[in-house]
Amino acid sequence: MKAIVVTDPAAGTAGMTLTERPDPDTARLASLDGANYGDVVVEVHASGFTGNELEWPSTWVDRLGTDRTPSIPGHEVAGVVTSLSFGTAGLSVGQRVFGITDWTRDGTLAQYVVVEARNLAPLPGDVDFTVGAGVAMTGLTAWQGLFEHGHLSTGQSVLVHGAAGAVGSMAAQLAREAGAYVIGTGRAAHRHSALDFGAHEFVDLDNDTLEDIGGVDFVFDVFGGDIGARSARLVRGGGTFVTVTGPPDVRPADGLAVDFVVVSDRTQLGEIARRMQDGRLRTHIGQVASLDDAVAAFNPTQKINGKTIIRVR
């Protein structure tokens, strides 16, 4: 099968290579001897890629710390189930699915991928594969940050950083639907998109003073650093600061700080899919490229607004 592989952590996305890799051994998968219980083979139709995943240790070593290069990156997938192993529940051959894959196994920038069935959810027939791949990780990250870790409630004010970005746009839409007042941030050029994705107002981080917004009940942070630290100080007593950038250096004076890593959840993916179907949720896809053009797509000569999705089929 065709696949994108990486072998050198220092090379970044410029070190990506399109090559031939062995197809998944479906006969072994289906045998009692060789089965990884609960795995399925997915024929990949669309794949996403997170910009910093080549910095993750799990891209280069397995859970035992053993080198696993050449590895296939990409952990967001939409496709069709072609094979099942023993112990698989809730899915069937020929079913359209989407979700995220294990960080320490070969990923989705390939024609086939082996995934634990529990990491996948049915993808409705009227939701395009590119949309499914585009919303899997971004939607789950926003959902879990807002509701599972942050316990967002109606009437709260929420500062969403990067509200025109892949994750921030998801968070802005979900927070607004939940009855929160959403303040989005980003660069001046992102104002229209952030408001279109659900922000009630917008802060231009290059030209406006963040502190002028006053206190907020909730911060959803995707930036970290100085912006994250300044934002933590804006959280009112009893409020929540949620970040995806790692343990925060500054925490709210009288509130909760949470950093988390997204995990797959079939029920949450189902909620996201229903919102995609009825138009309550839109994903921000900046470009769609073929697998043959994936290396160039991940090394653009100009900035792409929105997520890059690879259409494999």
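Described below are features of the structure shown in this document.

Rules and cut-offs
Residues numbered from 1 in each chain as written. Predicted model: local features only at pLDDT ≥ 70, side-chain atom pairs only at ≥ 80, totals over all residues. Heavy atoms only, no water. Helix = DSSP H or I, 4+ residues; strand = E, 2+ residues; numbered from the N terminus. Rg over C-alpha atoms; globule rule 2.2 N^0.38 Å. Buried < 20%, exposed > 50% of the residue type's maximum accessible area, 1.4 Å probe, protein only. Contact = heavy atoms within 4.5 Å. Areas by Shrake-Rupley, 256 points an atom, 1.4 Å probe, with all protein chains shown as cover. Lys, Arg positive; Asp, Glu negative; His and termini not counted. Charge placed at Lys NZ, Arg CZ, Asp CG, Glu CD. Pairing = 2+ DSSP bridges. Axes fitted to C-alpha atoms, helices over the stretch in contact; angles between N-to-C directions. 1 Å grid on protein atoms, 1.4 Å probe; cavity = no way out; pocket = protein on both sides within 12 Å on 5 of 7 lines; lining within 4 Å. Points joined across faces, edges and corners; volume = space filled by probe spheres on them. Nonpolar A, V, L, I, M, F, W, Y, C, P; charged D, E, K, R; others polar. Phe/Tyr/Trp six-rings, centres within 6.5 Å; stacked < 30°, edge-to-face > 60°. Lys NZ or Arg CZ within 6 Å of the ring centre and 35° of its normal.

What follows deals with the overall build of the protein. Along the protein, the regular secondary structure elements total seven helices and 15 strands. For 313 residues, the compact-globule estimate of 2.2 N^0.38 gives 20 Å, and the protein sits close to it at 20 Å. Each of the three principal axes of the protein carries a C-alpha extent, and together these read 60 × 40 × 35 Å. Residues classed as buried in the protein amount to 52% of the 313 residues present. A separation of at least 24 residues holds for 64% of the contacts in the protein among residues at least 6 apart in sequence. About 13,200 Å² of surface is accessible on the protein, with carbon and sulfur atoms providing 49% of the total. Both charge centroids of the protein, one from 24 positive and one from 37 negative side chains, sit 3 Å from each other.

One open sheet holds the six strands; their spatial order is E10-E9-E8-E11-E12-E13, and the pairing between them is parallel. Of all the strands in the sheet, the pair left with one neighbour each is strand E10 (201–204) and strand E13 (256–259). Direction aside, neighbouring strands of the sheet carry axes that sit 15° apart on average. As paired strands, strand E8 (residues 157–160) and strand E11 (residues 216–221) are joined by three bridges and run parallel to one another. Each bridged residue has a counterpart across the sheet, and for Val158 the counterpart in E11 is Phe218. Against the sheet, helix H2 (residues 129–149) makes contact with E11, strand E12 (235–243) and E13, and its axis sits at roughly 150° relative to E11, the strand it touches most.

Moving on to empty space enclosed by the protein. A probe as big as a water molecule, rolled over the atoms, marks out the empty space that is left. Per the counting criterion, the structure on display carries one cavity of 30 Å³ or more. Volume-wise, the largest cavity comes out at about 30 Å³. Thr101, Asp102, Arg105, Asp106, Val114, Val115, Glu116 and Asn119 together form the lining of the largest cavity. Tallied by class, residues from the lining of the largest cavity come to two nonpolar, two polar and four charged.

Roughly 1,500 Å³ of internal volume is contained in the largest pocket. In this structure, the largest pocket is lined by 45 residues; those nearest its centre are Thr50, Gly51, Asn52, Ala166 and Val167. Every element with two or more residues in the lining of the largest pocket is listed here: H2, helix H3 (166–177), strand E9 (181–186) and strand E15 (307–311). Within the lining of the largest pocket, the residues separate by chemical class into 19 nonpolar, 19 polar and seven charged.

Moving on to the packing of aromatic side chains. With the rule as written, the count across this model stands at three aromatic pairs. A ring pair is formed by Phe49 and Phe298, whose centres lie 4.7 Å apart and whose planes are at 50°; its orientation type is tilted. Pair noted here: Phe49 is in the loop between strand E3 (39–48) and strand E4 (76–84) and Phe298 is in the loop between helix H7 (294–297) and E15, with a separation of 249 residues, a long-range link. Each member of the pair, Phe49 as well as Phe298, carries the same accessibility label: buried. Centre to centre, the rings of Trp56 and Trp103 are 5.4 Å apart; their planes meet at 75°, and the pair counts as edge-to-face. Placement of Trp56 in the loop between E3 and E4 and of Trp103 in the loop between strand E5 (96–100) and strand E6 (112–116) is noted, with a sequence separation of 47 residues between them. Of the residues examined, Trp103 reaches a relative accessible area of 22% and is grouped as partly exposed. One residue, Arg96, lies across the ring of Phe129, its end atom 4.2 Å from the ring centre. The ring of Tyr112 carries the charged tip of Arg313 above its face, separated from the ring centre by 4.9 Å.

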